[in-house]
Each structure stands twice: as C-alpha cells, then as structure tokens.
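Descriptive structure summary
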Amino acid sequence: MVGNFKINVLYICMTTINDIELLFRKHFKNLLIFANRIVADEEVALDIVHDVFASLLTNCPDSISSAFLYNATRFACLNHIRSLSIRQRFNKLYAIEIEEAEEFQWKDNDDASLLNSIIDHDLSEQCRRVLRLRFTERLTYKEISEKLSISEAAVYKHLRHAINVLRQKFNNHER
Amino acid sequence: MKDNIDRLLEALDHNEYYSDEDIYELLKDPDVRDFYDNMSKTSSLLSDSSVRDIDIEEQWSKFISAHQDLKCRRRFSFFSRKIAVASVVLIITTIAIVAGTIAMKYSNVFSGSPRDYKSDSKEVIGSRNETSVIKDSLSEVYMQIPEIKVFKDESFKQIISDVCAYYDASAEYKSQTTQDLRLYFNWDSSQSLDDVVDQLNSFDMIEISVSENHLIIK
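The rules we used
Residues numbered from 1 in each chain as written. Chains lettered and ligands numbered in written order. Predicted model: local features only at pLDDT ≥ 70, side-chain atom pairs only at ≥ 80, totals over all residues. Heavy atoms only, no water. Helix = DSSP H or I, 4+ residues; strand = E, 2+ residues; numbered from the N terminus. Contact = heavy atoms within 4.5 Å. Areas by Shrake-Rupley, 256 points an atom, 1.4 Å probe, with all protein chains shown as cover. Buried < 20%, exposed > 50% of the residue type's maximum accessible area, 1.4 Å probe, protein only. Arc of directions from axis to C-beta. Axes fitted to C-alpha atoms, helices over the stretch in contact; angles between N-to-C directions. Parallel < 35°, antiparallel > 145°, perpendicular 65-115°, else oblique. Left-handed = near helix turned anticlockwise from the far one by under 90°. pLDDT = per-residue confidence, 0-100. Core = buried A, V, L, I, M, F, W, Y, C linked by side-chain atoms within 4.5 Å.

A look at the overall build of chain A
- Along chain A, the regular secondary structure elements total 10 helices and 1 strand.
- Counted from the first residue to the last, chain A has its helices and strands arranged as α-α-α-β-α-α-α-α-α-α-α.
- In chain A, the share of contacts with a sequence separation of at least 24, taken over all contacts with a separation of at least 6, comes to 56%.
- Summed over all atoms, the accessible surface of chain A reaches about 8,400 Å², with 49% contributed by carbon and sulfur.

Here is the structure:
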C-alpha cells in the first residue's frame, strides 16, 4: 500500500518546470523557425510556440520527444490557418484549402540555403532588393516603390521575374 | 495588357478590387497557382531571418512571468512528491519504532522472572520471528517503491540498452534511424517490460514489438 501510494503520487506530474526549461532552451528557436515557415508571421509564430510550452505546464505529459513538440507546433499553426478567412489566407500566401495546408511539406534548412544561394547568385541587385523587402521586411508594393524610387509596375515586374527564376532553379534542383 | 499573374500580384496588395470569387477564379489557372505556390514557398523560407536572432533568455523570462501561476502549481506538485516521499519514510519509521517497542517489551520479560524462562523464551523467539516478518514486509515495501529513471535527451539506443539489461531482454533493430532518435522519457522500472514498450510505442516514430523478452524495433 505504501509503495502504491508513492507510485500514484509520482505519476501526477512527471514533467517539472526544470524539464520544461531544458526543453525550452533546446528547442524554442528551431520550433519558432518551423512555426514561422508555416504562418510567415513572427508574432503569431511566437504566440504559437509559447502556447505549446504552456500546454506542457497544464497537461503534464509523462514523456516528451522533440517529435511531440514539432507535431504540437504544426497542429497549432494549422489551427491558426483554419481560423482565418479565405481572404486572410490569400493575403498571407497560405494554402487556401486547409487540406492543402495539412498535406504541404514544409521546407527544411537545405531549401532555405538553396533559396538564399539562388537569390545571391542568380538575381539582379534590384530584383534581390524587391524580393527581400517584400518577403523579409513584409513591405507593401507601395512602400517598396517609395523606398526604391521606382513605380509599382516595376515592383511587380521585378517580383515576377524573381519568382520565375526561383521556380526554375528550384525545379531544376529537384530533378 | 495585364495577364492573370499581374492580377494575382495586384490582388495580393489591393484586395479591394477583387472578390473572393475573383481570387478563386484566378487560382484555378494552373500557371497562376504554380506562381502562387512558389511565392508561398519563398515567403515561408525568407521569413527565417526575422526569427533567427531571437533572444532565448528574453523569451524564457516572458514565458515564466506569463505563467507564474502555473509554475507555482507545478512547484506545489513537485513538493507534494517530496511530501509523499517524506510520508513513506515517516510510516516506515513508525513501523520500525513499533517493532522496536515490541522487541523491547519481550526483552524485558526475558530479563524478568527466571521461572518463566521457558515460556518467555518461546515468546521471545516468536517476537523475533514477528520482527523479522515486519522487516521482511518493509523490505518488500522498499522493493515495491519504483525507481524512476529520467532520460533527458538520451539516445533511443541507450534507453533500450538500459531497459533490456534490467529486464534481461534482447533487442533487434530493423533500421538505423530509430537508433539515432533522442528522447525525454521517464522509465518506471516497477512496470512490466510490456508496459514500458507500450509507453515507448506512444512516440510517433517508434514501433516496437515484443516476443518472449526479445524486442524488435522497426
């Protein structure tokens, strides 16, 4: 009986705050990058990853693997996308149908390296600037045109050219 | 003259000119869809740089201050475990004192009247047996107390090696990738091998089958 009592108490909460701190320090940044690749919004990604760790405090799982953390983050990101209207999904360049988002294979670090290499070597200076201002700084076409002193039509042109080059290089690489 | 890709680019920043139906129509065009998917991929990959320099210390401080109440609850549960351990020690001590008192009582009888020597000595023998029964039951209690081994970011191979050594089991790996996994896992050695395997199988990437103390890891 005494032994059983101890067994039960020990199983109430096996994940302590120290375990969570260890996991947080080890995985937070990579989970944030992973979430940000899905939602492409730093603030939303930060909230999602914080919530995943907060759920460990309330749910007290007996054991946690990195796969568990990544799955929890992925589900939270998909739930976020699910909560958005079609228009909001389009504006953020997400998959329009949630089933497509669920099936989408999120790109890994090798893809990120390849993309940056193509941007650095295969695009003109102006194309590179437009692309980074649009997708890294998240500026509107109007803001980009003002910043670079070019027309909005020129922004479209550079963006279109840049995406076409990236698409072609990516496709060649995948073959 | 605008084509559909120009319209797509325009729709992304000038929503007011396009209805949801217009957007659906645009995305039905395979070229537009392919362009949209590539923009999506580019957007996803270029977003990395904004989060790569995140300050973990700052994020941890924010996390702790935002969940102070949960942290306290967590500490309470941690302390409740300590209290449980203390309770076990207290109960064991009480049993030991009671056992000691019984032994002392019979020891006094033994040293009292010589004429009761025979009958008393039998009782002393009896009490000795009783004490040894108590001691044995305490040993059992100690044996029953589970030993929880906490694996923190340990290789799956090492966990299986420890588990197999304890249960005198053998392991066979069908793939290398599983061996390289790293896990956070609390192993309760009071559980049966089958229960431990069930717990490990709850991890997505792990599939273990057991046959007569032989683990087959796929």
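Overview of helix 9 (residues 141-148) of chain A
Residue and element names in this part refer to chain A.
- For helix 9, every residue scored as buried is listed here: Y141, I144, S145 and L148. Seen from one end, helix 9 has its buried residues packed into an arc of 100°, which puts them on one side. Opposite the packed face of helix 9, turned more than 90 degrees from it, sit the exposed residues E146 and K147.
- Following helix 9 by one or two positions, S149 has its phi on the positive side, about 55°.

Description of the side chain of T73 of chain A
All names here are of chain A.
- Structurally, T73 can be placed in helix 4 (residues 66-82).
- Since its relative accessible area comes to 0%, T73 is described here as buried.
- If sequence neighbours within four positions are ignored, T73 has contacts with L31, F34, A35, I48, V49 and V52.

Remarks on the packing of helix 3 (residues 42-59) of chain A against helix 4 of chain A
Residue and element names in this part refer to chain A.
- Interaxial distance between helix 3 and helix 4 falls to 10 Å at its minimum, and their mutual angle equals 130°. In terms of axis orientation, helix 3 runs oblique to helix 4. Here helix 3 and helix 4 pass one another in a crossing that is right-handed. Across the interface between the two elements, V44, I48, V49, V52, F53 and L56 from helix 3 touch F68, L69, A72, T73, A76, C77 and H80 from helix 4.

Topic: the confidence of the model for chain B
All names here are of chain B.
- Confidence along chain B averages 73 in pLDDT terms, with 70% of residues attaining 70 or more.
- Contacts for the low-pLDDT stretch residues 112-146, under 50 throughout, to residues beyond four places or in other chains number 27 contacts.
- Across the interface, the model reports ipTM at 0.79; the global pTM reads 0.55.

Comments concerning the confidence of the model for chain A
- Put simply, chain A has an average pLDDT of 82, and 83% of its residues get 70 or more.
- Contacts of residues 1-13 of chain A to residues separated by more than four positions or lying in other chains number 31 contacts, the stretch itself having pLDDT below 50.

Considering the nonpolar core
- Formed by 41 residues in total, the largest nonpolar core has its most connected members in F90, L131 and F135 of chain A together with L8, L9, L27 and M39 of chain B.
- Of all elements in the fold, only helix 7 (109-122), helix 8 (125-135), helix 9 and helix 10 (152-174) of chain A together with helix 1 (4-13), helix 2 (20-28) and helix 3 (30-46) of chain B reach the threshold of two or more residues within this core.
- With 8 residues, helix 10 of chain A is the single largest residue contributor to this core.
- Residues contacting F90 of chain A, with those up to four places away along its chain left out, are I96 of chain A together with L8, A11, L12, I23, L27 and Y36 of chain B.
- L56, L57 and Y94 of chain A together with I54 of chain B belong to the second-largest nonpolar core, a separate cluster that totals 36 residues.

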